[in-house]
Every structure is written in structure tokens, then in C-alpha cells.
Amino acid sequence: MAGRFFNQWQIGDSIAHEIRRTVTETDNLLFSVMTHNPQPLHIDAEAARASEFGQILVNGTFTFALMVGLSVGDTTLGTLVANLGYDKLVMPKPVFLGDTLRAETEVIALKESKSRPDAGLVTFLHRCLNQRNEVVCSCERAALLKRSESA
């Protein structure tokens, strides 16, 4: 499904995104290396085993990026002008290797653009949940979206 234009959204619209992803050791290690994050909890099995978690923790910025990525096809694909910011990012539960993650999105605000009559601002609340339906990450995303010419 392609993303929606600004004028196709309403406050309260919600989507349970269909794509899910089981996080692998390779995902976590590659992301940590690509972002120069040497945190032992992410890349050192012995250090992680000695921690209070007892196992490798998935890099939180990977979890955040995956959550947003899972939402793009249903929200902003082909309609995005720019992401303007992310707010209220929280990670209330850890993510471990082998967890299967999914995302949900709700529209919490709409605002007409004063400077761009061909666009408007949509604020999305994204939530990432694991296979136990626990929220592992959430944030608000402000996106400037094109208006549909036909509406």
C-alpha cells in the first residue's frame, strides 16, 4: 500500500502494519558496527551474559529505525516531503535476539502548512511491539506530507 497524502488522514486513524521482523544476531551486530557503537551489551556475549539481562541486548537505535521503517509503506511512501522530527522516544522493554517485532501507528495531530499550501503536517504515534505484545519502543514522528491534487 502506498502512503497517504496529508488530506487523506484524520486524527485517530490507526494502522497495524502487516510486515513483521524477527531480529537476528546479524542484524544487531551489523547495525552496531555500521554505527560505530561498541557497547558490550550489544556485541559481547560474555559481557551481556554477566549483565542483569543475561543475554545480548538489541541495539536500541536499530529497534527505533525498524519501527519507523515498518511504518513507511502504509504512511508516507511516495507522499513524504520531509520528516521534521521525532519526539517522546521511549524504550520501556528490552529487545533480545530472536524477538519478532511489529509496528502500529496512530495519527494524533494534523496541521495545515502556512508556508506550503501543497503540504501539511501529520504527527504519527508509532509503537513497536514484540511477540508478547509488549511495547518495546514508541515515539511521535512529525512528517510533512504532500497534498493530493484530486482532493
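Residues numbered from 1 in each chain as written. Predicted model: local features only at pLDDT ≥ 70, side-chain atom pairs only at ≥ 80, totals over all residues. Heavy atoms only, no water.

**Regarding the overall build of the protein**
Here is the rule we go by: Secondary structure follows DSSP: runs of H or I at least 4 residues long count as helices, runs of E at least 2 residues long count as strands, and numbering of each begins at the N terminus. In this scheme, a residue with accessible area under 20% of its type's maximum is buried, one over 50% is exposed, and one in between is partly exposed, where area comes from a 1.4 Å probe on protein chains only. Each accessible area is a Shrake-Rupley estimate made with a 1.4 Å probe; only the visible protein chains count as cover when residues are assessed. His residues and chain termini do not enter the charge count, which takes Lys and Arg as positive and Asp and Glu as negative. In plain terms, the charge of a residue is placed at NZ if it is Lys, CZ if Arg, CG if Asp and CD if Glu.
A tally of regular secondary structure across the protein gives four helices and six strands. Helices (α) and strands (β) of the protein occur, in sequence order from the N terminus, as β-β-α-α-α-α-β-β-β-β. With respect to the principal axes defined by its C-alpha atoms, the protein has extents near 55 × 30 × 25 Å. Per-residue burial for the protein yields a buried fraction of 40% across its 151 residues. Carbon and sulfur atoms make up 54% of the accessible area of the protein, which totals about 8,300 Å². Across the protein, 15 positive and 17 negative side-chain charges occur, with their mean positions spaced 5 Å apart.

**Here's the deal with the side chain of T123**
Quick reminder of the rule: Residues count as neighbours in contact if any of their non-hydrogen atoms are within 4.5 Å of one another.
Within the secondary structure layout, T123 lies in strand β5 (residues 119–129). Taking relative accessible area as the criterion, T123 reaches 14% and is therefore assigned buried. Residues contacting T123, with those up to four places away along its chain left out, are E106, V107, I108, A109, E140, R141 and A142.

**Structural notes on unusual backbone geometry**
Trans is the common state for peptide bonds, and a negative phi is the common state for residues other than glycine. With a phi angle near 55°, K88 is a residue other than glycine that sits in the positive phi range. Within the secondary structure, K88 sits in strand β3 (residues 80–90). Residue class for K88 comes out exposed when judged on its relative accessible area of 56%. The phi dihedral of N133 is positive, around 60°, even though this residue is not glycine. The residue N133 is located in the loop between β5 and β6 (135–146) in this model.

**Some points on helix α4 (residues 60–75)**
Under the convention used in this document: By this rule the span expected of a helix is its residue count minus one, scaled by 1.5 Å.
Under the 1.5 Å per step criterion, the end-to-end length of α4 is 22 Å for 16 residues, consistent within 8% with the ideal 22 Å. Looking at α4, one finds that the buried residues are G60, F62, T63, F64, L66, M67, V68, L70, S71, D74 and T75.

**Let's talk about the environment of H17**
Short version of the rule: Residues adjacent in sequence count toward polar contacts only when both atoms are side-chain atoms; beyond that, a polar contact is any pair of N or O atoms within 3.5 Å, and within protein one must be able to donate a hydrogen and the other to accept it.
Residue position: H17 is located in the loop between β1 (14–16) and β2 (21–22). Sequence separation between H17 and L101 is 84 residues; the distance between their C-alpha atoms is 11 Å. Not counting chain neighbours up to four residues away, the residues in contact with H17 comprise L70, S71, D74, T75, A103, E104 and T105. Polar side-chain contacts of H17 include one of 2.7 Å to the side chain of D74.

Purely geometric stuff here, so don't read any function into it on its own.
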